[in-house]
Amino acid sequence: MTVEQLASGIQQGSRRCLSKGITLVESSRKEDQEKVNGLISLLPQKKDTLRVGISGVPGVGKSTFIERLGNYLIEEGHRVAVLAIDPSSPTSGGSILGDKTRMETLSAKEEAFIRPSPTSGTLGGVAKRTRETIRLCEAANYDIILIETVGVGQSEYEVASMVDCFLVMMLPGGGDSLQGIKRGILEITDILVINKADGDQKKLAEIAKSEYGHAFHMLASKYKGIKTSILSISALEDLGVIEVWNSIKRFRDVLVNQHLFELNRNKQEIQWFKRLVEEEVLQTIWSDKDKKIKVHDIHEKILNGAITPYEAALRLLSSMKLK
Ligand code: GDP
């Protein structure tokens, strides 16, 4: 299949073509990367889509929530793509999201497209694969893109930098106010959802809600004049899921009205370009056979004290005419 055929298949809504396109995007073979370039440039850039990042520790209820939300959105006439970023450990190769069957009712729907996106522990893996995948899904007329990420490591920051709205899911917490949450995460949060506000945990969820409210009060807001919404819900009992969606829509409308929506997307486009350059440069430095030999020599020199790591870095870059 040519790249042109693939592009046209994707735009006509062929799931097979979309899957094929994403597999191409995920390939690290050089010839595939060139095809990806061709493919992306053949696809239209959609503006009337909404990209929502959903982050939270394993077990917080992300897939339960996404399944509920996704089904609701489809009833409302949307087409929903779910990209689940699995930061599989580079050492164990294990998967955090696991093999459990997730989002069963949603995955059976014609208007839903669910795709796990392995990062394979590659540097910048999330950015490199996911941005292209978003573009492909949007070209295939999915207007809502939900990007799920496990709240560990760098991946949530990466995801926050490629979505219009970043939603963080929390557990009601056992009296321990902020559950040791990283302040940095709150700073990139647009909407905070406390899940499992049901049964015995209902009260705890309300306490957590007010504590997070105080915490946000003390932080500089991400956007001037836009307050972070905090909602307590029960994904399991389907209580509050629609309110979360309404909150996302309100947030989007405020961004649009203040011209921040387009500004963000533009910034993200430039950031995408920068990340690709960085990845390409790193790839070039570390994968070239001849240079590998040199790098090995440099290691030796550093280890026997002949050269400092700093000097070694400068010399390597200068030998590659990068410095
Ligand atoms: P994920 O790892 O974040 O995707 O979490 P899951 O959606 O797989 O949920 C983990 C567990 O929590 C499952 O057993 C769910 O049934 C349960 N769960 C999810 N949402 C809720 C909720 O709102 N209330 C309660 N009590 N349990 C929930």
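Residues numbered from 1 in each chain as written. Predicted model: local features only at pLDDT ≥ 70, side-chain atom pairs only at ≥ 80, totals over all residues. Heavy atoms only, no water.

**Digging into the nonpolar core**
Ile10, Leu18, Leu136, Cys137, Leu192 and Tyr212 are the most contacted members of the largest nonpolar core, which totals 46 residues. If sequence neighbours within four positions are ignored, Leu136 has contacts with Ile10, Leu18, Gly21, Ile22, Val25, Leu39, Ile40 and Leu43. Counting residues in hydrophobic clusters, the runner-up holds 35 residues, among them Leu146, Leu231, Ile233 and Phe261. (Core = buried A, V, L, I, M, F, W, Y, C linked by side-chain atoms within 4.5 Å. Buried < 20%, exposed > 50% of the residue type's maximum accessible area, 1.4 Å probe, protein only. Contact = heavy atoms within 4.5 Å.)

**Let's talk about the pairing of strand β6 (residues 191–194)**
Across the two faces of β6 the burial is the same, with Ile191 and Val193 and Leu192 and Ile194 all buried. Pairing of β6 with strand β7 (residues 229–232) involves four bridges; the strand directions are parallel. Each bridged residue has a counterpart across the sheet, and for Ile191 the counterpart in β7 is Ser229. At this point the chain moves from β6, through helix α9 (residues 201–218), to the parallel β7, and the crossover so formed is right-handed. (Helix = DSSP H or I, 4+ residues; strand = E, 2+ residues; numbered from the N terminus. Pairing = 2+ DSSP bridges. Right-handed = clockwise from strand over helix to strand, strands pointing away.)

**Side note on the site of the ligand**
Around the ligand, the surrounding shell holds 16 residues, and the nearest of these are Gly59, Lys62, Ser63, Thr64 and Asp198. Between Val60 and the ligand, the recorded distance is 3.4 Å, taken from a backbone N or O atom to an oxygen atom. Here an oxygen atom of the ligand sits 3.0 Å away from a polar atom, N or O, in the main chain of Gly61. Burial of the ligand by the protein amounts to 74% of the accessible area it has alone, namely 590 Å². A per-class count over the shell around the ligand returns five nonpolar, six polar and five charged. (Near = heavy atom within 4 Å. Polar contact = N/O pair within 3.5 Å; in protein donor to acceptor, adjacent residues only side chain to side chain. Areas by Shrake-Rupley, 256 points an atom, 1.4 Å probe, with all protein chains shown as cover. Nonpolar A, V, L, I, M, F, W, Y, C, P; charged D, E, K, R; others polar.)

**Describing the side chain of Ser247**
Structurally, Ser247 can be placed in helix α10 (residues 241–257). Here Ser247 falls in the buried class, since its relative accessible area comes to 3%. Setting aside chain neighbours within four positions, we find Ser247 in contact with Ile191, Ser229 and Leu231.

**A few points about a nonpolar patch on the surface**
A contiguous nonpolar surface patch, about 430 Å² in accessible area, is contributed by Ile270, Phe273, Val277, Val281 and Leu322. Turning to its location among the elements, Val281 is positioned in helix α11 (residues 260–287). (Patch = residues over 30% accessible without salt bridge, like charges linked within 9 Å, V, L, I, M, F, W, Y side chains within 5 Å. Salt bridge = Lys/Arg side-chain N within 4 Å of Asp/Glu carboxyl O.)

**Some details on unusual backbone geometry**
A positive phi angle is found at Asn141, which is not glycine, with a value near 70°. If you trace the backbone, Asn141 turns up in the loop between α6 (125–139) and β4 (144–150). Phi is positive for His259, close to 60°, though the residue is something other than glycine. Relative to the helices and strands, His259 is located in the loop between α10 and α11.

**Remarks on the pattern of salt bridges**
Following the criterion strictly, the structure yields eleven salt bridges and no others. A salt bridge links Glu158 to Arg275; its shortest N-O distance comes to 3.1 Å. Of this pair, Glu158 sits in helix α7 (residues 155–160) while Arg275 is found in helix α11, placing the two residues 117 residues apart along the sequence. Between Arg265 and Asp164 there is a salt bridge, with its nearest N and O atoms 2.7 Å apart. Highlighted residues: Arg265 in helix α11 and Asp164 in the loop between α7 and β5 (165–170), separated in sequence by 101 residues. Each member of the pair, Arg265 as well as Asp164, carries the same accessibility label: buried. Within this structure, Arg29, Glu31 and Asp32 form a network of salt bridges that share partners.

**Let's talk about the packing of helix α2 (residues 15–26) against helix α3 (residues 30–42)**
At a closest axis distance of 8 Å, the pairing of α2 and α3 adopts a crossing angle of 130°. As far as their axial angle goes, α3 and α2 are oblique. When the axes of α2 and α3 are compared, the crossing they make is left-handed. Contacts between α2 and α3 involve Gly21, Leu24 and Val25 from the first element and Asp32, Gln33, Lys35, Val36 and Leu39 from the second. Of the residues contributing to the contact of α2 with α3, the split by class is four nonpolar, two polar and two charged. (Axes fitted to C-alpha atoms, helices over the stretch in contact; angles between N-to-C directions. Parallel < 35°, antiparallel > 145°, perpendicular 65-115°, else oblique. Left-handed = near helix turned anticlockwise from the far one by under 90°.)

**Concerning the confidence of the model for the chain**
Per-residue pLDDT for the chain averages 86, and the proportion of residues at 70 or more is 86%. Counted against residues more than four places away or in other chains, residues 89–94, with its pLDDT under 50, gives four contacts. (pLDDT = per-residue confidence, 0-100.)

**Considerations on the environment of Asp143**
Tracing the chain through its elements places Asp143 in the loop between α6 and β4. Taking the relative accessible area as the measure of exposure, Asp143 reaches 22% and is therefore partly exposed. C-alpha separation for the pair Asp143 and Lys47, spaced 96 residues apart in sequence, amounts to 9.3 Å. Once residues lying within four places of it in the same chain are set aside, the contact partners of Asp143 are Asp48, Thr49, Leu50, His78 and Arg79. At a separation of 2.6 Å, a polar atom in the side chain of Asp143 contacts the side chain of His78. Engagement of the side chain of Asp143 in a polar contact is seen with the backbone nitrogen of Arg79, the distance being 2.8 Å.

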